[in-house]
Amino acid sequence: QVQLVESGGGLVQPGGSLRLSCTTSRSIFTLTAMGWYRQAPGKERELVAIITNGGSTNYGDSTKGRFTISRDNAKNTVYLQMNSLKAEDTAVYYCRGWGIGMNYWGQGTQVTVSA
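From a predicted model like this one, the values you see are computed outputs, not experimental measurements.

Account for the overall build of the protein, with residues named and values stated.
Counting secondary structure elements, the protein contains 0 helices and 11 strands. Each helix and strand of the protein, ordered N terminal to C terminal, gives the series β-β-β-β-β-β-β-β-β-β-β. Across its three principal axes, the protein shows a C-alpha extent of roughly 40 × 25 × 25 Å. Per-residue burial over the protein gives 44% buried out of 115 residues. In the protein, the share of contacts with a sequence separation of at least 24, taken over all contacts with a separation of at least 6, comes to 54%. A total of about 5900 Å² of accessible surface is found on the protein, and carbon and sulfur atoms cover 47% of it. Between the centroid of the 11 positive side chains of the protein and the centroid of its 7 negative side chains there is a distance of 5 Å.

Tell me about the environment of Arg-45, and please be specific about residues and values.
Mapped onto the elements, Arg-45 comes out in the loop between strand E4 (33-39) and strand E5 (46-52). Overall, Arg-45 belongs to the partly exposed group, its relative accessible area being 34%. Discounting chain neighbours no more than four positions away, the residues touching Arg-45 are Tyr-37, Arg-38, Gln-39, Tyr-94 and Trp-105.

Parameters at a glance
Residues numbered from 1 in each chain as written. Predicted model: local features only at pLDDT ≥ 70, side-chain atom pairs only at ≥ 80, totals over all residues. Heavy atoms only, no water. Helix = DSSP H or I, 4+ residues; strand = E, 2+ residues; numbered from the N terminus. Buried < 20%, exposed > 50% of the residue type's maximum accessible area, 1.4 Å probe, protein only. Contact = heavy atoms within 4.5 Å. Areas by Shrake-Rupley, 256 points an atom, 1.4 Å probe, with all protein chains shown as cover. Lys, Arg positive; Asp, Glu negative; His and termini not counted. Charge placed at Lys NZ, Arg CZ, Asp CG, Glu CD.

If you want it as structure tokens, here you go:
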């Protein structure tokens, strides 16, 4: 079992930045890849960004160019740097980690973009 603990959410003004963190309870290499997803009220959960153990990344269409996913293997942590935030980025952001026969989610952290 792997637990994922997110942090870094909060309230930010439009155009501002936030950095989310997700730390695993076991070695990050226990998982094949990790990612961030988000879910806004009344909408389905959507992909924000993913990063593999090899460092390959992929982004959802709505966040390309504004968000950056990265990882610190020594700290068993994945980050999501969010810049140029918009009101439509408001959502609960979830960390996900997966591998062969494994799929884990964090508890979620709220990000609210509002003036």
